[in-house]
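Coordinate analysis (summary)
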There are 2 protein chains.
Amino acid sequence: MKIVIDTLGGDNSPSAMVKGAISAQKESDFDIALVGRRADIEEVLSTLEYDSGRVEIVDAEDEIDCNEPPVEAIKKKPNSSIVKAVKMLKEDEEAKALVSSGSTGAVLTAAVLLTKRIAGVNRPALSPILPTMKGNGAMLLDCGANVDCKPINLVQFAVMGSVYMREVLKVENPRVALLSNGVEDNKGCALTKEAFALLKEEKSINFVGNMEAREILSGDYDVIVTDGFAGNIALKTIEGTAKCITKTLKDVIKDSKSAMFGSLFMKKAFRNLKDFLDYNKRGGAVFLGMQQVLVKAHGAANEESFKNAVLQAYGASKLDISDKIKEGLEQLGGENR
Amino acid sequence: MKIVIDTLGGDNSPSAMVKGAISAQKESDFDIALVGRRADIEEVLSTLEYDSGRVEIVDAEDEIDCNEPPVEAIKKKPNSSIVKAVKMLKEDEEAKALVSSGSTGAVLTAAVLLTKRIAGVNRPALSPILPTMKGNGAMLLDCGANVDCKPINLVQFAVMGSVYMREVLKVENPRVALLSNGVEDNKGCALTKEAFALLKEEKSINFVGNMEAREILSGDYDVIVTDGFAGNIALKTIEGTAKCITKTLKDVIKDSKSAMFGSLFMKKAFRNLKDFLDYNKRGGAVFLGMQQVLVKAHGAANEESFKNAVLQAYGASKLDISDKIKEGLEQLGGENR
């Protein structure tokens, strides 16, 4: 198995990507293709110990940044690392997974334009796994790949998320909830009301009903299904709130000498809090629904978080997650068929 | 001026409502109508000093709870405090504002069914004011009154929010942003793309473009416009994330003797953090777009936060906010007319 690494487009490119990938390889068993500027990649590699027979470099000069409209950028930049990496995923039979810290829009668009979806998937979904108060992870999907969804898309998200949580994270009978404005069955907007009716009939998933956004991090749900617009808002609201609270905490400590003194004894506790909040450390967001595994690591990923994203990609590929999603979708009944 | 107080339906009913209202009255100049169970209200009043000539009791035996479907509950319970309070707002010419800690759905539904909207308002909006990192407040609307919106509704929300922030909170030229999945002009779902085009043409508001949800608490925007479904998700995600982080902070402190010791010096700092997070303390969510002022205090409101909600209702009524919203809507041009 080969994992394709896009070394450009991240805040810490290419160093964190090259180091993270080599580090992940040492803990596991796969080949690596590093896509990006050859000289820069070689410079980082020269500082590392690695098995040169299992690492190849694919030269790609161009970078696509977050501010470029994805479709145009992909057409205009055939030599960008994202386009070359995605093409390799399509053309190299050994290549089973791709990890990138680059522009989310460009990665998803390149994947959709240049590679294939799993048979039966109408819309792939960007699917991060969030930390929860109970210590388990909750997959929230879609988080922005599809801003306008149909009810059937949400049903497919439910299946894909259930398969991932069951197969990769070994969650028995994952609880699927529909993100809504209240827990009652009759709550929701036009889209979620229709999706609710479809999900309720679906025997192959463990649908537990509507949920409110204040429960996303509760740990009471394993798969949280929503359209890409609302999911994006939920995900970024979590980020923004966490940032606001940690900043406020710093401010209130700075305001008081007594608190400053007290905080000296709490460095480890604060570090644990920070680790908890930094869900990117635990890997990236999977782009579920494509034939190969795509993991979008955070743009600010450091070596450790990029390494975890690579290990996540390896784990999902090794378990043939795409085949299992295909099987899951084949079990859908009635209108969802 | 008279302010109508719904004393039932809150976690601390009727004590926090009666005490909070009397306390607010002492700081200002208005009459009070306390709606609820007479004996219970009298019992609380007997412990307080107040001007009995300016306080009346309206007997209402029934309570509507959050789990009752609002429309049915309002029809079935004509003697509920919510229905009686809203009717009083409609029928008593002196009554200019209503404050309730009861079921949000029931309060909004009763208001829509039994009182009148401001001329030109298609959909009233539930509009809380959130704390921000810069210390100013940001109004987020709609937060759940209208789960399915049309673009014109969002334009009206922008106007109503701008008028409120300018008149009541004295924000000069309030910055209006459209909640979206990216800051670029072309980002958004079908609804927000259409709303963007309308908002951009509108000269009477200071529309600054799309914004991401991670900036809701940044303090860079004064009025954040969205449909009630997405707004509800954003609001409740903030609540849930704050809860998750404070719980995690407690856990990491408990896990370490050193941190426990340090935390003894930080009690005031933690209390300041808690105060910051508890935006309900500063008042309630205004239901903008109705002829009279409606303030929905939090279900868990205590005496202090209920008092602040009453003062907020008084301030908005005194400034004739509804007339000013009407004028604001009359200034809309083109398709928004």
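Residues numbered from 1 in each chain as written. Chains lettered and ligands numbered in written order. Predicted model: local features only at pLDDT ≥ 70, side-chain atom pairs only at ≥ 80, totals over all residues. Heavy atoms only, no water.

Section: the pairing of strand 8 (residues 175-180) of chain B
Residues and elements named next belong to chain B. Spelled out, the test is: Exposure categories follow from relative accessible area, calculated using a 1.4 Å probe and restricted to protein chains: below 20% of the type maximum is buried, above 50% is exposed, and the middle band is partly exposed. Secondary structure elements are taken from DSSP: a helix is a run of H or I of four residues or more, a strand is a run of E of two residues or more, and numbering for both begins at the N terminus. When DSSP finds two or more bridges between two strands, those strands count as paired. A crossover counts as right-handed when, viewed with the strands pointing away from the observer, the path leading from the first strand over the helix to the second turns clockwise.
Of all six residues making up strand 8, five are buried, and the element is well covered by its neighbours. By the bridge criterion, six bridges tie strand 8 to strand 9 (residues 206-212) in an arrangement that is parallel. Following the sheet pairing, Leu178 is matched in strand 9 by Asn210. One crossover worth recording links strand 8 to the parallel strand 9 by way of helix 7 (residues 190-201), and it is right-handed. As defined by bridge partners, strand 8 adjoins strand 10 (residues 223-225) across three bridges and the pair is classed as parallel. Considered in strand 10, the bridge of Ala177 is made with Ile224.

What to know about the interface of chain A and chain B
For clarity, the threshold we go by: Contacts: residue pairs with any heavy atoms within 4.5 Å of one another. Defined here as a combined quantity, buried area equals the accessible surface (1.4 Å probe) lost by two parts on assembly, summed across both. Salt bridges are counted wherever a side-chain nitrogen of Lys or Arg sits within 4 Å of a carboxyl oxygen of Asp or Glu. Any N or O atom pair separated by 3.5 Å or less is treated as a polar contact, with the protein-specific requirement of one donor-capable and one acceptor-capable atom, and with residues adjacent in sequence counted only for side-chain atom pairs.
Listed by partner, the interface residues are 51 residues for chain A and 52 residues for chain B. Among the residues chain A hides against chain B, the three largest losses belong to Met133(A), Arg214(A) and Phe229(A). Together they make up 14% of the total. The closest approach of N and O atoms between Glu239(A) and Arg214(B), which form a salt bridge, is 3.1 Å. On inspection of chain A and its partner chain B, the count reaches 14 residue pairs in polar contact (both at pLDDT 80 or more). Sorting the residues of the side of chain A that touches chain B by element identifies strand 8 (175-180), helix 7 (190-201), helix 8 (228-254), helix 9 (257-263) and helix 10 (267-277) of chain A as the ones contributing at least two each.

Quick notes on the pattern of salt bridges
Residues and elements named next belong to chain B. If you walk through the whole model with that rule in mind, you get 37 salt bridges over all chains. Between Glu56 and Lys2 there is a salt bridge, with the nearest N and O atoms lying 2.6 Å from each other. A residue pair is termed long-range when its members are at least 10 positions apart, and Glu56 in strand 3 (residues 55-59) and Lys2 in strand 1 (residues 2-6) qualify at 54 residues. Judged by its relative accessible area of 11%, Lys2 is buried.

Side note on the relation of the copies chain A and chain B
For the record, the criterion: Superposing copies: least-squares fit, C-alpha atoms only, residues required to have pLDDT of at least 70 in both.
Mapping chain A onto chain B leaves a residual RMSD of 0.0 Å; the transformation is a rotation of 180° accompanied by 0.0 Å of translation along its axis. What the rotation and shift describe, once combined, is the action of a two-fold rotation axis. Within chain A, Gly262(A) has its C-alpha nearest the rotation axis, a separation of 1.9 Å. Taken as a fraction of all interface residues of chain A, those also at the interface in chain B reach 100%, which identifies the copy contact as same-surface.

Details of the sheet that holds strand 8 of chain B
Across a sheet, strands are paired by hydrogen bonds formed along the backbone, either parallel or antiparallel in direction. All names here are of chain B. Applicable threshold: Angles shown run from 0 to 180 degrees and are taken between the N-to-C directions of axes, each axis being a line fitted to C-alpha atoms and, for helices, limited to the stretch in contact.
Spatial ordering of the open sheet is given by 6-7-10-8-9, a layout of five strands whose pairing is mixed. Edge positions in the sheet fall to strand 6 (129-131) and strand 9, since each of these pairs with one other strand and no more. With strand direction ignored, the average angle separating the axes of adjacent strands in the sheet is 30°. Summarising the sheet, strand 7 (residues 137-141) and strand 10 pair through three bridges and their orientation is parallel. Its bridge partner being in strand 10, Leu140 is matched across the sheet by Ile224. Contacts from helix 6 (residues 151-167) reach strand 6, strand 7, strand 8 and strand 10, with the element oriented near 165° to strand 10. Most of the contacts of helix 7 go to strand 8, to which it runs at about 165°, and overall it touches strand 8 and strand 9.

Side note on the environment of Gly209(B)
All names here are of chain B. Counting through the fold element by element, Gly209 comes out in strand 9. Taking the C-alpha atoms as reference points, Gly209 and Thr104, separated by 105 residues in sequence, lie 30 Å from one another. In this structure Gly209 touches Val176, Ala177, Leu178 and Phe196, once residues within four positions along its chain are discounted.

With respect to a nonpolar patch on the surface
Inclusion rule: Patch construction takes residues with relative accessible area above 30% that form no salt bridge. Like charges are linked within 9 Å, and nonpolar side chains (Val, Leu, Ile, Met, Phe, Trp, Tyr) are linked within 5 Å. Working definition of accessibility: Shrake-Rupley area with a 1.4 Å probe, residue cover restricted to the visible protein chains.
A cluster of nonpolar side chains, contributed by Phe261(A), Leu264(A), Phe261(B) and Leu264(B), occupies part of the molecular surface with about 390 Å² of accessible area. Its location among the elements puts Phe261(B) in helix 9 (residues 257-263).

Quick look at the packing of helix 4 (residues 81-91) of chain B against helix 5 (residues 104-114) of chain B
Residue and element names in this part refer to chain B. Heads up, the condition is: Each crossing is labelled by how the near helix is turned from the far one, with a counterclockwise turn of less than a right angle marking it left-handed and a clockwise turn marking it right-handed. We call Asp, Glu, Lys and Arg charged. Ala, Val, Leu, Ile, Met, Phe, Trp, Tyr, Cys and Pro are nonpolar, and the rest, Gly among them, are polar.
The N-to-C vectors of helix 4 and helix 5 enclose an angle of 35°; their axes lie 10 Å apart at closest approach. Remark: the crossing between helix 4 and helix 5 carries right-handed chirality. Residues Ile82, Val83, Val86, Lys87 and Lys90 of helix 4 form the contact with helix 5, whose participating residues are Ala106, Val107, Ala110, Ala111 and Leu114. When grouped by side-chain class, the residues that make up the contact of helix 4 with helix 5 number eight nonpolar, no polar and two charged.

A few points about the packing of aromatic side chains
All names here are of chain A. We apply this condition: Pairing of aromatic rings covers Phe, Tyr and Trp, the last counted by its six-membered ring, and requires centre-to-centre distances within 6.5 Å; plane angles under 30 degrees mean stacked, over 60 mean edge-to-face, and any other angle means tilted.
A complete count under the given rule lists eight aromatic pairs over all chains for this structure. Between the aromatic rings of Phe30 and Tyr314, the centroid separation amounts to 5.2 Å while the plane-to-plane angle is 40°, which identifies the pairing as tilted. Here Phe30, found in the loop between helix 1 (15-26) and strand 2 (31-36), pairs with Tyr314, found in helix 11 (residues 303-318); they are 284 residues apart in sequence, far enough to count as distant. Here Phe30 matches Tyr314 in class, with each residue buried. Between Phe261 and Phe265, the ring centres sit 5.3 Å apart and the planes meet at 75°, which makes this aromatic pair edge-to-face.

Describing the confidence of the model for chain A
Under the convention used in this document: Along the chain, pLDDT gives the predictor's confidence residue by residue, from 0 to 100.
Here chain A averages 93 in pLDDT, and 98% of its residues register 70 or above. At the level of chain-chain contacts, confidence expressed as ipTM amounts to 0.93, with global pTM at 0.93.

Looking at helix 1 (residues 15-26) of chain B
Every α-helix winds through 3.6 residues per turn, so residues three or four apart in the chain are directed the same way. Residues and elements named next belong to chain B. Selection rule: To estimate the expected span of a helix, subtract one from its residue number and multiply by 1.5 Å.
Relative to the 16 Å expected for 12 residues at 1.5 Å per residue, helix 1 spans 17 Å between its end C-alpha atoms, a close match to the ideal helical length. In terms of burial, helix 1 is largely enclosed, as nine of its 12 residues are buried. The inward-facing, buried residues of helix 1 abut strand 1, strand 2 (31-36), helix 2 (38-45), strand 3 and helix 11 (303-318).

A look at the side chain of Glu68(A)
Residues and elements named next belong to chain A. Looking at the secondary structure, you find Glu68 in the loop between strand 3 (55-59) and helix 3 (70-76). Here the side chain of Glu68 touches Asp65 through a polar contact of 2.7 Å, landing on its backbone nitrogen. A polar atom in the side chain of Glu68 sits 3.0 Å from the side chain of Lys77. Discounting residues that sit within four places of it in the chain, Glu68 has contacts with Glu63, Ala73 and Lys77.

Notes on the sheet that holds strand 10 (residues 223-225) of chain A
Residues and elements named next belong to chain A. The strand order across the open sheet formed by five strands is 6-7-10-8-9, and the pairing between neighbours is mixed. Two strands close off the open sheet at either side, each with one partner strand: strand 6 (129-131) and strand 9 (206-212). For this sheet, the mean inter-axis angle between neighbouring strands, taken without regard to orientation, is 30°. Each of strand 8 and strand 9 is contacted by helix 7, which is oriented at about 165° to strand 8, the strand it contacts most.

Regarding the environment of Asp6(B)
Residue and element names in this part refer to chain B. With respect to the helices, strands and loops of the structure, Asp6 is situated in strand 1. Its relative accessible area of 1% is what places Asp6 among the buried residues. Note: C-alpha distance between Asp6 and Ile82 (76 residues apart in sequence) is 6.2 Å. Among all residues touching Asp6, those that are not within four sequence positions of it are Met17, Val35, Ser81, Ile82, Ala85, Leu98, Val99, Ser100, Ser101, Gly102 and Phe306. Polar side-chain contacts of Asp6 include one of 3.1 Å to the backbone nitrogen of Leu8. A distance of 2.6 Å separates polar atoms of two side chains, one belonging to Asp6 and the other to Ser81.

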